[in-house]
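Chain by chain, the residues:
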Amino acid sequence: MAKKTVASLQKGEGRTFSKVILMEKSPKTGAYVFKEEMVPNDAVKDALK
């Protein structure tokens, strides 16, 4: 399934997006949580702030 997703992102509109993975500390448990999102290449710096 992952190969199919990656292959579809390599063509056409998929190249204009980047996957951003953020690490945040959970206020309840103190454990780290990873949040993934697809953002346009122009908005990557804003997503990392």
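Scroll up for the structure.
Reference entry: report on the structure contained in this document. Not measured: the values here are computed from a predicted model.

## What to know about the overall build of the chain
Then comes step 1: Summing up its helical and strand segments, the chain has two helices and two strands in all.
Then comes step 2: The helix and strand sequence of the chain, counted from the amino end, reads α-β-β-α.
Then comes step 3: Looking at the chain residue by residue over its 49 residues, the buried ones come to 12%.
Then comes step 4: Within the chain, residue pairs in contact and separated by at least 24 positions form 23% of the contacts whose partners lie at least 6 positions apart.
Then comes step 5: For the chain, the exposed area adds up to about 4600 Å²; of that, 59% sits on carbon and sulfur atoms.

## Re a nonpolar patch on the surface
Then comes step 1: Taken together, Ile 21, Met 23, Tyr 32 and Phe 34 make up a surface patch of nonpolar side chains, about 480 Å² in accessible area.
Then comes step 2: When residues of the nonpolar patch are traced back to their parent elements, those giving at least two are strand 1 (17-25) and strand 2 (32-40).

The rules behind each value
- Residues numbered from 1 in each chain as written.
- Predicted model: local features only at pLDDT ≥ 70, side-chain atom pairs only at ≥ 80, totals over all residues.
- Heavy atoms only, no water.
- Helix = DSSP H or I, 4+ residues; strand = E, 2+ residues; numbered from the N terminus.
- Buried < 20%, exposed > 50% of the residue type's maximum accessible area, 1.4 Å probe, protein only.
- Contact = heavy atoms within 4.5 Å.
- Areas by Shrake-Rupley, 256 points an atom, 1.4 Å probe, with all protein chains shown as cover.
- Patch = residues over 30% accessible without salt bridge, like charges linked within 9 Å, V, L, I, M, F, W, Y side chains within 5 Å.
- Salt bridge = Lys/Arg side-chain N within 4 Å of Asp/Glu carboxyl O.

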